[in-house]
Amino acid sequence: MAQAEPTTEASPEAEAEAEGRERFTGQGMSRVEDHRILTGDAKYIHDLGEDARQMALLRTTHAHADIVSIDASAARQHPECELVLTGTDLQEQYHPMPSGLPGFEEWSLAADRVRFVGEPVAAVVATDRYVAEDLLDLITVDYETLPAVTDAADAVAEEPVIHEDIGTNVPDGEEFRFGDVDGAFADADTVVESHYSWGRISGVPLETAGVVAEWDEADDEFHIDCNIQLHTLVDDTVYETLGYAPEDVHLEVPADVGGSFGTKIAIHRYCCLAAMASQQLGGKPVKFVEDRIENLQGGDMHSTQREYDVRVAVDDDGTVRGLDFDFVDDFGAWPRYPVNQVLKPLACLTGAYDVQDVRYDYDIVITNKTAQTAYRGFGVPPHFYALEMAMDEAATAVGMDPTELRRRNLIEPDQMPYELASHNLYDSGDYPAALDRIESIIDDEERQPGGLLDPEIVEERREDGYYRGVSSTLLIEPGVSGSDWTDRQRSDRDELPDREMDEVAELPEHLRAELREDGSVTAFLATDSSGQGHQTIVTQLLADELELLPSDIEVAYLDSVAAPTEYGSAASRMAVMLSGAAQGLGEQLRANCRELGANHWGVEMEEVRYRDGGVEYGDERLSFAELAELDSGRQRRLTSVSYDYDHPALEEPAFEHAFTGKYPVYPTAAFAANAPIVEVDAATGTVEILKFYSVRDCGTQLNPTIVEGQAHGGIAQGVGAALLEEFGYADSGQPQAVTFFDYLLPSTKNVPEMDLYHQETPSPFTATGAKGTGEGGMIDAPASISSSINAALAAVGVVADRVPNAPNRLRERIREQQE
């Protein structure tokens, strides 16, 4: 056998560069998920459980009422009825659902009192969904109605208290003071005070929540197929409710989920009810899929609704000296998992602006509405909306162009990494250059003869009652959330100042892979997906790490028992966490293959080289297929590996204050400089977005096609938030938007042409330089659109002080100013 010189393995990146090979990462490779979706081979929850029994839910029509009695005898006696469950039945064997705040006891079916329209009070199981729905009509519920609370101000005034055992409608709140807030406001030339409203919206995914559950009597365990989001993180909401150990409740999420955007994090009620029903039926599988009215009315999927009071301390030269945010967040009837949505804005507290003296005060209030869940951006979109509206009003107060005031307060590139007053860090970026670039684009493209902002055209349109305008804004997308801070509201906050770093418990990203006998590689994701393209990203990353073709790699998913607990697919995390995990996994698998080859050839590992999906020693070579065969039957398989990638901020000492104090940690800061051109019809208040310009930077783009798609989808959702969508409620607590006739979604009629420009400022904190980019668009578009509305109506003196900017509201504001 020929002798080989000892080798030092170069990284795949270095080898690819040295050999002139192109890498798949960074290319706009078509998504591997798309073929099965477009050809109809994708399997969603609705495609599963063909032989399952069907469950239907009886939902209350009262916003607030005591349950006097439930008579389900007629339904139970019906020959086609297999099971009826009520809240009282559940209390005999199961447990309340975990809450986002201590002290609340919410059951999967209401037993004593209902607190929002659509809250389930009974479940019926039959062989057919239509039969199950009909059987609901045989159940009689006697209620004693109570006054409903639908206004946040009434809730704060405790009129009446919705949870008497809690004793208050304001179960959580906290004031944060950073720097010398009082001094900043006392010394400022001007203090601007304003009130802003962010309406109740949500993600409204194409696929509603669904579950197929089966109890295995022999092993006394549950197997639950569902489209829940974060199945390895929030599985406790299922197994604790059932009263089982986590290893006895298997949550499995299909590879294809028809969207979530955070809204499916809180579908555990359905998972529990289907599992309970299956157990009561001796192990027969039970299926439930929401219809659209259920989803909109009482599907536990509404999100943030806030009332803001904002103060800005500003000097005559436009310098912002201090900011003060005070808001109330209407969480509906129950404080669910996303109570920390009120905290995430601390990760980007002052937006792109260099302001160190800031107050941030929130109150969570309980009302008789559907409970709040997460939604794309996780509380940041309303914060940035309020901040940017206040910046517009501050500019008006000191007689300055809003873009110039913004430019004057931007964080400079030489300040990066920049520590916010709230202890999070922004990693990299040149914000002034991005704002200048979007301004130049608008000047070159639209402030020219015949352009949308040609002064003559703008004036002609104004004479006809149409007001055009544009505002250039720059907004941050905080990415790659830590996990330790998320339980701050369930912690003893008085003890936080004394915490040490060894008390911080972060969740890593877990990734597995194994070689197959045919030489291919199968990777296993521990997170679930809902359309983000994770299988594509992992395929690209591992193809480069292992020097294979993407076609040689298959990506599958682990259920909640096989996978360790991890944060998962939320908070703009996966591009960063998966790239770090893939690098570590690839390095480990390459090393193991070299060890296996060294053992086979009887040489030192340093003499074996990894190359192109195999190992080499001299002129000898073992392919992946041969390595897999060599490794088969071994107790410790070298060709089956796993890797846990730690949160990147743990490696940066500058994050220590944020970690130990349980402040939100988001180590990447993608950003967008936006300039949407809008036109407002003064007669009707209707807003048309003529074109949406944006310069976007998410660090290294792992797949530009996916990045572009995320931006388009996010901006479309931002259009809906800014102009159309709202879950309104009558004073009685009756929901006003339970169909798509009332809850208006953006469509081709109102999603504008988008002209997007991408640039890359790599993050110094992440393995590939990538930044989180899954929530941009929805984070930045509502504030940008509203600011452009302010610019369009500046001559009238109207401020877009309530989202959505519905036509009737804008028309009313215009009339008030014209009178």
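This text gives an overview of the structure that appears in the document. (Residues numbered from 1 in each chain as written. Predicted model: local features only at pLDDT ≥ 70, side-chain atom pairs only at ≥ 80, totals over all residues. Heavy atoms only, no water.)

1. Points about the sheet that holds strand 10 (residues 221–226)
Going by this rule: Pairing between strands is defined by DSSP: at least two bridges between them are needed. Secondary structure elements are defined from DSSP: runs of H or I of at least 4 residues count as helices, runs of E of at least 2 residues count as strands, and each element is numbered from the N terminus. Helix axes use the C-alpha atoms of the stretch in contact, all axes being lines fitted to C-alpha atoms, and the angles between their N-to-C directions lie in the range 0 to 180 degrees. Two residues form a contact once any of their heavy atoms are found within 4.5 Å.
What the 7 strands build is an open sheet, ordered 3-5-1-12-9-10-11; its pairing is mixed. Looking at the sheet topology across the chains shown, the edges are occupied by strand 3 (81–86) and strand 11 (249–252). When the angles between neighbouring strand axes are averaged without regard to direction, this sheet yields 20°. Across 2 bridges, strand 1 (residues 53–59) lies against strand 12 (residues 286–289) in parallel orientation. When the bridges of strand 12 are listed, Arg 53 appears paired with Val 286. Seen against the sheet, helix 5 (residues 129–136) touches strand 1, strand 3, strand 5 (120–126) and strand 12 and runs at an angle of roughly 30° to strand 1. Lying over the sheet, helix 9 (residues 268–280) contacts strand 1, strand 3, strand 5, strand 9 (210–216), strand 10 and strand 12, oriented at roughly 35° with respect to strand 9.

2. A closer look at the packing of aromatic side chains
Convention followed: Stacked, edge-to-face and tilted labels apply to pairs of Phe, Tyr and Trp rings (six-membered ring for Trp) whose centres lie within 6.5 Å, assigned for plane angles under 30 degrees, over 60, and everything in between, in that order. Residue exposure (1.4 Å probe, protein chains only): buried if accessible area is under 20% of the type maximum, exposed if over 50%, otherwise partly exposed. Two thresholds decide whether a charge sits over a ring: the Lys NZ or Arg CZ must be within 6 Å of the ring centre and within 35 degrees of the ring normal.
For the coordinates displayed, the defined rule picks out 21 aromatic pairs. Measuring from centroid to centroid gives 4.9 Å for Phe 222 and Tyr 244, while their planes differ by 80°, and the two rings are edge-to-face. Separated by 22 residues along the polypeptide, Phe 222 in strand 10 and Tyr 244 in the loop between helix 8 (236–242) and strand 11 bring together distant segments of the chain. Given the relative accessible area of 0%, Phe 222 is considered buried. Between Tyr 418 and Tyr 426, the aromatic rings sit 6.3 Å apart at their centres with planes inclined by 35°, giving tilted as the arrangement. A network of ring pairs unites the aromatic residues Phe 176, Phe 178, Tyr 308, Phe 325, Phe 327, Tyr 360, Tyr 362 and Tyr 663 as a single cluster. The ring centre of Phe 185 lies 4.0 Å from the NZ or CZ of Arg 311, which sits over that ring.

3. Quick look at helix 9
Note the following rule: Take the number of residues in a helix, subtract one, and multiply by 1.5 Å to get its expected span.
The end-to-end C-alpha separation of helix 9 is 18 Å, in line with the 18 Å expected for 13 residues at 1.5 Å each. Helix 9 sits mainly inside the fold: 12 of its 13 residues count as buried. What helix 9 keeps buried is the set His 268, Arg 269, Tyr 270, Cys 271, Cys 272, Leu 273, Ala 274, Ala 275, Met 276, Ala 277, Ser 278 and Gln 279. Backbone geometry just after helix 9 places Gly 282 at a positive phi near 75°.

4. A short note on unusual backbone geometry
Here the amide bond leading from Glu 159 into Pro 160 is cis, since omega sits at -20°, within 30 degrees of zero. The phi torsion at Lys 662 lies on the positive side, around 55°, for a residue other than glycine. Positionally, Lys 662 belongs in the loop between helix 18 (656–660) and strand 27 (668–681).

5. A short note on a negative patch on the surface
Defined as follows: A patch is a set of surface residues, each over 30% in relative accessible area and not in a salt bridge, joined within 9 Å for like charges and within 5 Å for the nonpolar side chains Val, Leu, Ile, Met, Phe, Trp and Tyr. Using a 1.4 Å probe, the Shrake-Rupley method yields the accessible areas, and only the shown protein chains count as cover for residues. We define a salt bridge as a side-chain nitrogen of Lys or Arg found within 4 Å of a carboxyl oxygen belonging to Asp or Glu. Charged residues are defined narrowly, with Lys and Arg counted positive, Asp and Glu counted negative, and His plus the chain ends left uncounted. Every charge is mapped to an atom, namely NZ of Lys, CZ of Arg, CG of Asp or CD of Glu.
On the surface, Asp 492, Asp 494, Glu 495, Asp 498, Glu 500, Asp 502, Glu 503 and Glu 656 cluster together into a patch of negative charge. In this structure, Asp 498 sits in the loop between strand 19 (473–479) and strand 20 (509–515). Note on Asp 498: relative accessible area 62%, which makes it exposed.

6. As for the layout of surface pockets
The method is simple in principle: a probe with the dimensions of a water molecule rolls over the atoms, and the space it marks as empty is what remains. Condition: In this analysis a 1.4 Å probe is tested at points of a 1 Å grid over the protein atoms alone, and where it fits but cannot get out there is a cavity; an open set with protein on both sides within 12 Å along at least five of seven lines is a pocket; lining residues have an atom within 4 Å of a point. Grid points are joined across faces, edges and corners, and a volume is the space filled by probe spheres set on the points. Residue type decides the class: Asp, Glu, Lys and Arg count as charged, Ala, Val, Leu, Ile, Met, Phe, Trp, Tyr, Cys and Pro as nonpolar, and the leftover types, Gly among them, as polar.
The calculated volume of the second largest pocket comes to roughly 560 Å³. Of all the secondary structure elements, the ones that give two or more residues to the lining of the second largest pocket are helix 11 (380–397), helix 12 (402–409), helix 14 (455–463), strand 18 (466–470) and helix 20 (781–792). Among the elements that take part in the lining of the second largest pocket, helix 11 stands out by supplying 4 residues, more than any other. Per-class residue counts for the lining of the second largest pocket are 11 nonpolar, 8 polar and 6 charged.

7. A few points about the environment of Leu 453
Here Leu 453 lies in the loop between helix 13 (431–445) and helix 14. Of the residues examined, Leu 453 reaches a relative accessible area of 10% and is grouped as buried. Taking the C-alpha atoms as reference, Leu 453 lies 72 Å from Val 603; in sequence the two are 150 residues apart. Residue contacts for Leu 453: discarding those within four places in its chain leaves Ile 442, Glu 446, Arg 447, Val 458, Val 470 and Ile 677.

8. What to know about the sheet that holds strand 20
Spatial ordering of the open sheet is given by 22-21-20-26, a layout of 4 strands whose pairing is mixed. This sheet does not close on itself; its edge strands, each paired only once, are strand 22 (553–557) and strand 26 (640–645). Each strand axis lies, on average, 20° off the axis of its neighbour in the sheet, ignoring direction. Pairing analysis gives 5 bridges linking strand 21 (residues 521–525) to strand 22, with the strands arranged parallel. Bridge assignment links Val 521 to a residue of strand 22, and that residue is Ile 553. Seen against the sheet, helix 15 (residues 534–546) touches strand 21 and strand 22 and runs at an angle of roughly 135° to strand 22.

9. Some details on the nonpolar core
What counts here: Put simply, a nonpolar core is a bunch of buried Ala, Val, Leu, Ile, Met, Phe, Trp, Tyr and Cys residues held in one set by side-chain atoms that sit within 4.5 Å of each other.
Among the nonpolar cores identified, the biggest contains 168 residues, and Ile 224, Tyr 426, Tyr 431 and Ile 789 are the most heavily contacted of them. With residues up to four places along the chain from it excluded, the contact list for Tyr 431 reads Ala 352, Leu 410, Ile 411, Met 416, Tyr 426, Leu 474, Ile 476, Ala 669 and Phe 671. Counting residues in each nonpolar core, the second largest holds 44 residues, with Ala 513, Leu 541, Val 615 and Leu 627 among its members.

10. Observations concerning the pattern of salt bridges
In this structure the tally under the stated criterion is 57 salt bridges. Between Arg 407 and Glu 404 there is a salt bridge whose closest N-O contact spans 3.1 Å. Separated by 3 residues within a single helix, Arg 407 and Glu 404 lie in helix 12, roughly one turn from each other. Judged by its relative accessible area of 24%, Arg 407 is partly exposed. Between Glu 679 and Arg 461 there is a salt bridge whose closest N-O contact spans 2.9 Å. On the criterion of sequence distance, the pair formed by Glu 679 in strand 27 and Arg 461 in helix 14 is long-range, its members being 218 residues apart. Take Glu 679: its relative accessible area is 5%, and that puts it in the buried class.

11. A few points about the pairing of strand 8 (residues 190–198)
Each regular strand shows side chains that alternate between the opposite faces of the sheet. As judged from the 9 bridges shared by strand 8 and strand 13 (residues 306–314), these two strands associate in the antiparallel manner. By the bridge assignment for strand 13, Trp 198 is matched with Arg 306. Strand direction decides the pairing type here: strand 8 and strand 30 (residues 802–803), joined by 2 bridges, are parallel. The residue bridging Trp 198 from the neighbouring strand is Val 803, located in strand 30.

12. Things to note about the packing of helix 15 against helix 16 (residues 574–601)
To keep things clear, this is the line we draw: If you view the pair so one helix is near and one far, a crossing is left-handed when the near helix is turned anticlockwise from the far one by less than a right angle, and right-handed when it is turned clockwise.
Relative to each other, helix 15 and helix 16 sit at 35°, their axes nearing to 9 Å. Pair helix 15 / helix 16 crosses with right-handed handedness. For the pair helix 15 and helix 16, contact is made by His 534, Val 538, Leu 541, Leu 542, Glu 545 and Leu 546 and by Met 574, Leu 578, Ser 579, Ala 582, Gln 583, Leu 585, Gly 586, Leu 589 and Arg 590, respectively. Looking at side-chain class alone, the contact of helix 15 with helix 16 contains 9 nonpolar, 4 polar and 2 charged residues.

13. Notes on empty space enclosed by the protein
Under the definition given, this model contains 4 cavities of 30 Å³ or more. In this structure, the largest cavity encloses a volume near 140 Å³. If you trace the largest cavity, you find 18 residues lining it, with Glu 477, Ala 670, Phe 671, Arg 696 and Thr 773 closest to the centre. Among the secondary structure elements, those contributing two or more residues to the lining of the largest cavity are strand 19, strand 27, strand 28 (687–697), helix 19 (704–724) and strand 29 (754–759). Tallied by class, the residues present in the lining of the largest cavity amount to 8 nonpolar, 6 polar and 4 charged.

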